Structures are given as structure tokens and as C-alpha cells.
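So the chains spell out like this:
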Amino acid sequence: MKFYSLNKQATAVSFKEAVINGIAPDRGLYFPESITPLPQSFFSTIEDISYHEIAYRAIEQFVKEDIPEETLRKIIASVLDFEFPLVQLEENVAVLELFHGPTMAFKDVGARFMAGCLEYFSQEEKTQEVTVLVATSGDTGGAVANGFLGVKGVKVVILYPSGKVSEIQERQLTTLGQNITALEIDGTFDDCQKMVKTAFLDQDLLANMKLTSANSINVARWLPQLFYFLFAYKEAKKQHKELVFSVPSGNFGNVCAGMVAQTLGMPVPHFIAATNINDVVPKFMKNASYEPKPSHATISNAMDVGDPSNFIRIQHLYQNNFKTLSKNLSSFSFSDEETREGMRKLYKACDYVADPHGAVAYLGLKKYQKQHPNTYGIFLETAHPVKFLEVVEDTIKHSPEIPLQIQKVLDKEKKSIAIKTYNELKVYLMAH
Ligand SMILES: *Cc1c(COP(=O)(O)O)cnc(C)c1O
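The following refers to the structure shown.

Rules behind the numbers
- Residues numbered from 1 in each chain as written.
- Predicted model: local features only at pLDDT ≥ 70, side-chain atom pairs only at ≥ 80, totals over all residues.
- Heavy atoms only, no water.
- Helix = DSSP H or I, 4+ residues; strand = E, 2+ residues; numbered from the N terminus.
- Buried < 20%, exposed > 50% of the residue type's maximum accessible area, 1.4 Å probe, protein only.
- Polar contact = N/O pair within 3.5 Å; in protein donor to acceptor, adjacent residues only side chain to side chain.
- Contact = heavy atoms within 4.5 Å.
- Near = heavy atom within 4 Å.
- Areas by Shrake-Rupley, 256 points an atom, 1.4 Å probe, with all protein chains shown as cover.
- Nonpolar A, V, L, I, M, F, W, Y, C, P; charged D, E, K, R; others polar.

A few words on the side chain of Ser14. Tracing the chain through its elements places Ser14 in strand E2 (residues 13-14). Accessibility expressed as a relative area gives 15% for Ser14, which makes it buried. A polar contact is formed between the side chain of Ser14 and the backbone nitrogen of Glu17, at a distance of 3.2 Å. Residues in contact with Ser14, not counting those within four places in the same chain, are Met1, Lys2, Phe3 and Asp66.

Here is the structure:
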């Protein structure tokens with residue numbers, strides 16, 4: 001399977017090259033040259049197929065020329081070693097909990113899958129070491145650090161804004177050691193991201209090292225996210241209702257992966273992308289005009305994105321046709337106060353503690369179901385509520401229990417390197 005660049009200037013490459021490059025040389029996102037639907041029998045018998053087999057059958061076509069079956073099955077088994085419960089909360093509302101992985105965010109799935117692929121590629125060729133360079137506003141860094149810990153042939157350098165991630169998130173980034181280095185940037189998340197972007201264009205650096213990204217631009221992080229939409233479908237099929245997914249969206253990689261599952265034949269006709277006040281896509285779905293803007297800080301900060309990188313993939317999936325897109329996607333935006341109201345409602349009416357991102361998705365689903373009451377809605381809870389402990393406690397006046405995974409990191413010692421300028425980053429990368 002070849003992957004082409006959505007900017008159409010660079011040549012198409014293999015899965016392996018797409019993973020190692022991250023982004024195409026023409027700065028376009030990679031996209032698979034074809035998506036062949038799975039046979040009808042796959043969906044009609046999915047209740048009898050194991051999670052690992054579902055994942056294998058869904059991703060096989062994209063990677064099989066570069067990763068042998070046995071290795072791919074091993075990678076899938078090690079990625080999917082935790083639960084993906086679908087919990088019914090109201091008559092036509094269920095929550096898909098994606099936070100049972102090691103860092104308690106859905107990003108564990110993509111980060112671990114990508115790590116497994118890069119590990120295989122580096123063993124296979126004894127090629128130059130790959131350096132994964134990633135900027136994080138919180139969740140990505142922890143998931144990537146954890147996923148890549150101890151992976152041979154790969155070094156990970158994480159940039160995070162000093163004082164702007166939660167304590168739990170900072171510990172998840174800075175306490176692992178080994179091949180993981182945390183750089184604490186005197187600046188904002190946007191400054192971190194700018195430094196990473198500059199590095200990817202720095203010819204001096206590129207001549208000396210193989211640099212790749214680990215955000216959802218990378219196909220190996222993006223595509224495996226389609227697995228859990230299929231798992232939820234398997235569980236919810238017995239409802240015999242029209243299914244709809246509501247996804248809390250920032251860079252729109254997660255919802256786009258769900259749409260790939262739909263293209264593979266999953267009988268789910270509609271998605272809801274719920275956002276906070278960073279509402280570029282909800283606005284686009286209203287007036288068909290795409291206007292990126294600087295991001296605003298909110299309580300659902302993993303979605304504070306002013307120019308969602310994967311939206312171009314979504315438009316491409318639906319042939320850049322606004323009418324087709326509208327048939328498949330609704331998008332709604334909610335303020336922090338509405339989000340808190342959603343958290344309180346879930347807690348009071350359903351005895352359910354949601355994090356702010358999950359609450360945004362819940363609100364999006366309820367809004368859609370007002371017009372479409374006969375649907376069975378699944379909203380994605382993308383992080384454990386303790387990752388946003390202060391907001392949760394402050395909103396519902398209840399303290400959720402700290403799970404073991406989190407307690408463990410809180411006891412460890414933080415190690416980071418303070419950095420102020422791009423030049424300091426460059427000096428660091430050149431010296432290591
Ligand atoms: C990253 C993240 C999101 C947004 O996912 P995208 O794929 O960027 O749309 C939502 N919720 C949480 C908790 C996240 O960490």
C-alpha cells in the first residue's frame with residue numbers, strides 16, 4: 001500500500017517511509033491510496049470475532065507489505081492489552097471508555113502502535129537511529145513517552161510548556177528516563193510547536209539525524225485509532241438502532257479514524273465532532289468557510305486547537321464535497337460553563353464522573369439526539385477524570401480515586417532540561 005501526500009507534490013511512499021517521515025516533504029499529510037471495505041461477513045459476524053482479530057483485519061491492508069503478519073499480530077496484542085468498556089448511561093446513550101491504558105488517555109493506542117512499528121523497522125535494517133520529536137500540551141507527551149520507553153533504535157524528545165501542564169501530566173513525561181528526554185520550555189504550547197516545526201525544516205539537523213513526529217499527523221498513530229470504533233460497534237450492534245459516535249475533537253485525528261472505520265464498511269452513518277470554543281470546524285459546517293485562528297485556552301485543553309491538522313483528511317475522505325461531508329458529520333462547540341454543566345449533569349443523573357473532554361462529547365451527542373431521537377449514541381471518554389483533577393473536583397465537588405497507574409508516577413522524581421530558545425534545542429539535538 002502506498003501513501004500519497006495530500007499536497008500532491010511529493011511522491012507516494014510505503015507505509016514504512018510514511019511512518020519514518022511523519023509528514024511528506026511537500027508538508028502534506030499522508031493518505032492511503034485506497035481503502036478497501038472489509039467483506040460484509042466481517043460486520044455480520046463481528047460479535048464472534050475477538051478484539052485482536054478485528055484490529056488485525058482492519059489494519060492489515062495498510063501495513064502488510066512492510067510488516068509481516070506475525071509481527072503485526074504481536075504489535076496488536078501488546079497495544080491492546082487493556083479494556084475498552086462500553087458503559088450504558090441513559091436509554092440511548094453509552095460511553096466508550098478509552099482511558100484504561102497506561103497513561104489513561106486514548107492516545108496510548110496510537111502511540112504504542114507507532115512505537116511497535118518503529119521498533120520493528122529499526123531492528124529490520126539496523127538503520128540510523130530515529131529521533132521522535134514531539135510538542136505536547138499534556139496528553140500526547142505522556143502517551144508517547146510511555147509507548148516508546150525502552151524501544152531500541154528510537155530516541156524520544158518531548159517539548160512541554162513549563163508550568164502549563166497538570167502535575168500528573170508532567171510526572172508522566174519527566175520520570176521515565178532511558179531513551180526519553182523531557183525539555184521544559186520557557187513559553188507556551190504554541191512556542192513548543194513552533195520549535196518542533198522549525199526543527200523539521202532545519203537542513204543542518206536533517207543532515208545529521210532522522211527526525212519524525214508522533215502526533216496524529218503520523219499515519220501509525222492515526223490509523224490504529226479506528227480499532228475501538230469497531231470494538232464499540234461490536235458491542236452496540238445488538239441495540240438494533242442507528243448508531244452515532246460523538247468524538248471530542250482537537251486535531252480531528254480521532255474522529256477521522258472513526259470515519260476510516262466507516263469507509264471500511266462499519267454501518268455507522270454519522271459522526272459528531274464536539275469541540276470547545278475553538279470552533280473552526282463547527283463554523284465550517286455552518287457556512288462552508290474554513291478560517292483557522294489562534295487557539296483559546298479552555299478546561300478541555302487537549303482540544304485547544306485553532307487549525308485542526310486532520311480536517312484536511314476528513315474532507316478528502318468525503319471527496320471534498322460539502323454535501324457529502326454534511327451527511328456524515330455534525331460539529332458543535334461548547335463553552336467551559338456548558339462543559340461544567342454537562343459534567344454536573346452526568347454526575348447527578350447518571351452517577352458518572354466525566355473529564356471535561358468526555359463531557360464536551362456528551363453535550364454534542366445530546367444536541368444531535370434532540371433532532372435524531374431514535375439513534376443510539378456513543379460518546380468517547382478520551383481521558384480519565386483524574387488527569388483533570390482540579391477541574392473535576394471544582395465542578396462536581398467530588399474527588400475521584402487516584403488509580404494505581406497515576407499513583408506510581410506521582411512518587412517518582414522529575415527530570416527535565418530547561419530550554420528557552422530554538423538554538424538551545426538545536427544544540428541539544430546535535431550533541432545527542
Ligand atoms: C488529544 C485529545 C483529544 C483530541 O483528539 P484529536 O484526535 O486531536 O481530535 C481529546 N481528548 C483528549 C483527552 C485528548 O488528549
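Of all residues adjacent to the ligand, which total 15 residues, the nearest are Lys107, Asp139, Gly250, Asn251 and Thr382. In the model, an oxygen atom of the ligand is placed 2.5 Å from a nitrogen or oxygen of the Lys107 side chain. Side-chain polar atom of Asp139 to an oxygen atom of the ligand: 2.7 Å apart, as the coordinates give it. For the ligand, the accessible surface in isolation is 390 Å², of which the surrounding protein chains cover 97%. Across the shell around the ligand, the residue classes tally to six nonpolar, seven polar and two charged.

Here the focus is unusual backbone geometry. Even without being glycine, His240 reaches a positive phi, approximately 50°. Tracing the backbone shows His240 in the loop between helix H11 (227-236) and strand E10 (242-248). If you check the backbone angles, Lys397 has positive phi at about 55° while not being a glycine. As for its placement among the helices and strands, Lys397 is situated in the loop between helix H18 (389-396) and helix H19 (404-410). Owing to a relative accessible area of 66%, Lys397 belongs among the exposed residues under this scheme.

Remember that the coordinates give geometry; whether it matters functionally is a separate question.
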